[in-house]
Amino acid sequence: MEAEISYAIDLPQVINSMNTQVFSWEHGVVNFTDNEIWFPTETSWKVIPFQSIEAVGSDISPAVINDIRKESGYFDELMVNYKKSSLFGSSHIRHSMILAGNPQDLAQIKDHLIEKIGLRINTNFEGLKEEEIKLLSLLATGTKDINSYLPLISEDKNVLQRAFDTLKRRDMVNESARITQQGQYYLEKTKGISSTNIENPIHFELEPEIEAETQIVSNSLDPKDTMVQFTKKYEYSFTSGSVFLEDLWRYIMVPEIKDIGLKVSNINKPYIHIQTRSGTLIDIECENSQVILALEKIFNAKENIQIRLLTSLYLGIREDYNIANTLYFEPDYLNSQLNELIDNRLIESDKTLSNNGFETIRHTLNFERSVSPEHFKRTLQ
């Protein structure tokens, strides 16, 4: 189908607090296929796939509606929220678009979008079968004795092989059956899927394995803890999305930080608040308060250098390239600091934390008290 409408796309998702005159409005015939929305440009087309759409028909404040109608010349509007992949792994940024036109055209567009995508969220992950979801959940536990638990998924080896092939093809696991960032992202964004989409869900309760302390440390964070919610504000500009820990440096550079500290949300959860030298405000949130405590140490240039490095390794940031950029270290300096941690027996040669290293982190972040909202309130007062 196609419709002649006015439209503004790639808008920050908090447009209800903004003046729409800062938007770039266009007018023309827009095409809606079975899978995509096509917007004409001067030389080609801008395409937004349906799988990236998160919501259709979001509420718009009366003040913004007045601006929309003044700018577009129409008296009906439709907001669509969607996410765009960033340049950094599986991270994404949320955007909105506003369509303005005749009421009958917008009603037809809305019905078409809902028919094609429904009201679901994360449509790019739709279609996993029950055995594929269960296998992904099992692989995420990191257990070494996986064969003992495979019968809980299926007794048919062909079913398991097909499930694994699907996960690998969709870049959710690698050749070694290790869960990837894409797989971790799926598990983070589909919490509760077992209770809503799967009949007779299986919950894996694995016996703890007897192994070295360094392995316990390296597996101490769940897959969901490798991703944080990132919000960046500057005047009328607003960016938000889910970002992997090793990608945070692409959004935050230590020398640009003017002030960093912990705050407590209205639901008693700690988050990091950063003000840059240019006036940009950045908030970082995560369900795991230990991750927030660790990140505050990492991005605080006033903290001890080796504590910052040790904390980065604890969070699983182990590639030299990502470590150097996160901490803003020169490569040679990073190597010297890593060697010093090895000499002091705080880490192993593969950059996993030793028992001493983990005890240092435990003491530095004060894990025993960090789970208490009251502790954060006392700390921040």
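Rules used throughout
Residues numbered from 1 in each chain as written. Predicted model: local features only at pLDDT ≥ 70, side-chain atom pairs only at ≥ 80, totals over all residues. Heavy atoms only, no water. Helix = DSSP H or I, 4+ residues; strand = E, 2+ residues; numbered from the N terminus. Buried < 20%, exposed > 50% of the residue type's maximum accessible area, 1.4 Å probe, protein only. Contact = heavy atoms within 4.5 Å. Areas by Shrake-Rupley, 256 points an atom, 1.4 Å probe, with all protein chains shown as cover. Axes fitted to C-alpha atoms, helices over the stretch in contact; angles between N-to-C directions. Parallel < 35°, antiparallel > 145°, perpendicular 65-115°, else oblique. Nonpolar A, V, L, I, M, F, W, Y, C, P; charged D, E, K, R; others polar. Core = buried A, V, L, I, M, F, W, Y, C linked by side-chain atoms within 4.5 Å. Polar contact = N/O pair within 3.5 Å; in protein donor to acceptor, adjacent residues only side chain to side chain. Phe/Tyr/Trp six-rings, centres within 6.5 Å; stacked < 30°, edge-to-face > 60°. Salt bridge = Lys/Arg side-chain N within 4 Å of Asp/Glu carboxyl O. pLDDT = per-residue confidence, 0-100.

Peer 1: So, the overall build of the protein chain: which residues are in play, and what are the values?
Peer 2: Each helix and strand in the protein chain was counted, giving 14 helices and 12 strands. Taking all 381 residues of the protein chain together, the buried fraction comes to 48%. Pairs at least 24 apart in sequence give 59% of the contacts found in the protein chain among residues at least 6 apart. By element, 46% of the accessible surface of the protein chain is carried by carbon and sulfur atoms, the whole surface being about 19800 Å².

Peer 1: Lay out the packing of helix H9 (residues 305-314) against helix H12 (residues 355-365) with the relevant residues and their values.
Peer 2: Look at H9 against H12: their axes get within 10 Å of each other, and the N-to-C directions meet at 105 degrees. Considered as vectors, H9 and H12 are oriented roughly perpendicular to each other. Contacts from Ile307, Leu310, Thr311 and Tyr314 of H9 reach H12 at Gly357, Phe358, Thr360, Ile361 and Thr364. Looking at the contact of H9 with H12 residue by residue, the class counts come to five nonpolar, four polar and no charged.

Peer 1: So what's going on with the nonpolar core? Residues and values would help.
Peer 2: Counting residues in hydrophobic clusters, the biggest one holds 43 residues, and the most contacted among them are Leu248, Ile252, Ile284, Leu295 and Phe299. With seven residues, the top contributor of residues to this core is helix H8 (residues 289-299). Among residues more than four places away in sequence, those in contact with Ile284 are Val228, Gln229, Phe230, Leu248, Ile252, Tyr271, Ile272, Ile274, Ile292 and Leu295. Membership of the second largest hydrophobic core comes to 21 residues, among which are Phe32, Ile53, Tyr82 and Ile109.

Peer 1: Provide a residue-level description of the side chain of Gln290, including the pertinent values.
Peer 2: Position of Gln290 relative to the elements: it lies in helix H8. At a separation of 3.3 Å, a polar atom in the side chain of Gln290 contacts the side chain of Tyr314.

Peer 1: Break down the packing of aromatic side chains for me, with residues and values.
Peer 2: Evaluation of the coordinates by the stated rule reveals five aromatic pairs. Each ring, one from Trp249 and one from Tyr321, has its centre 5.5 Å from the other, and the planes form 85 degrees; the classification is edge-to-face. Here Trp249, found in the loop between strand E9 (237-244) and strand E10 (257-264), pairs with Tyr321, found in helix H10 (residues 320-327); they are 72 residues apart in sequence, far enough to count as distant. Residue Trp249 is classed as buried on the basis of its relative accessible area of 11%. Relative to Phe358, the ring of Tyr314 lies with its centre 6.4 Å away and its plane at 40 degrees, an arrangement referred to as tilted. In this pair, Tyr314 is assigned in helix H9 and Phe358 in helix H12, connecting sequence segments 44 residues apart. Taking relative accessible area as the criterion, Tyr314 reaches 4% and is therefore assigned buried. The class for Phe358 is buried, based on a relative accessible area of 12%.

Peer 1: Any chance you could break down the side chain of His112 for me, citing the residues and the numbers?
Peer 2: Looking at where His112 falls in the secondary structure, it is placed in helix H2 (residues 103-117). The residues touching His112, leaving out its near neighbours within four places in the chain, are Met1, Phe32, Thr33, Asp34 and Phe50.

Peer 1: Would you mind going over the pattern of salt bridges in detail, with residue names and values included?
Peer 2: Counted according to the given criterion, the structure contains five salt bridges. Here Arg69 and Glu77 are joined by a salt bridge, their closest N and O atoms 3.0 Å apart.

Peer 1: Could you give me a rundown of the environment of Gly73, with the residues and numbers involved?
Peer 2: You can see Gly73 is positioned in the loop between helix H1 (62-72) and strand E6 (77-85). Relative accessible area serves as the criterion here: at 51%, Gly73 is assigned to the exposed category. Residues Gly73 and Ala100, spaced 27 residues apart in sequence, show a C-alpha to C-alpha distance of 8.3 Å.

Peer 1: Any chance you could break down unusual backbone geometry for me, citing the residues and the numbers?
Peer 2: If you check the backbone angles, Asp10 has positive phi at about 55 degrees while not being a glycine. Relative to the elements of secondary structure, Asp10 occurs in strand E1 (residues 2-12). Residue classification places Asp10 among the partly exposed positions, given a relative accessible area of 30%.

Peer 1: A description of the environment of Lys83 should follow, citing residues and the corresponding values.
Peer 2: By the secondary structure assignment, Lys83 is in strand E6. Residue classification places Lys83 among the buried residues on the basis of a relative accessible area of 8%. When the C-alpha positions of Lys83 and Ile48 are compared, they lie 9.4 Å apart, and in sequence the two are 35 residues distant.

Peer 1: Tell me about the confidence of the model for the protein chain, and please be specific about residues and values.
Peer 2: Segments scoring low in pLDDT should not have their predicted coordinates read at a detailed level. For the protein chain, the mean per-residue pLDDT works out to 76, and 75% of the residues sit at or above 70. Mean pLDDT across the secondary structure elements of the protein chain bottoms out at helix H7 (residues 213-218), with 34, and peaks at H9, with 93. Note on residues 192-220: pLDDT under 50 across the span, and 41 contacts to partners over four residues away in sequence or across chains. Between residues 368-381, whose pLDDT stays under 50, and residues either more than four places distant or in other chains, the model counts 22 contacts.

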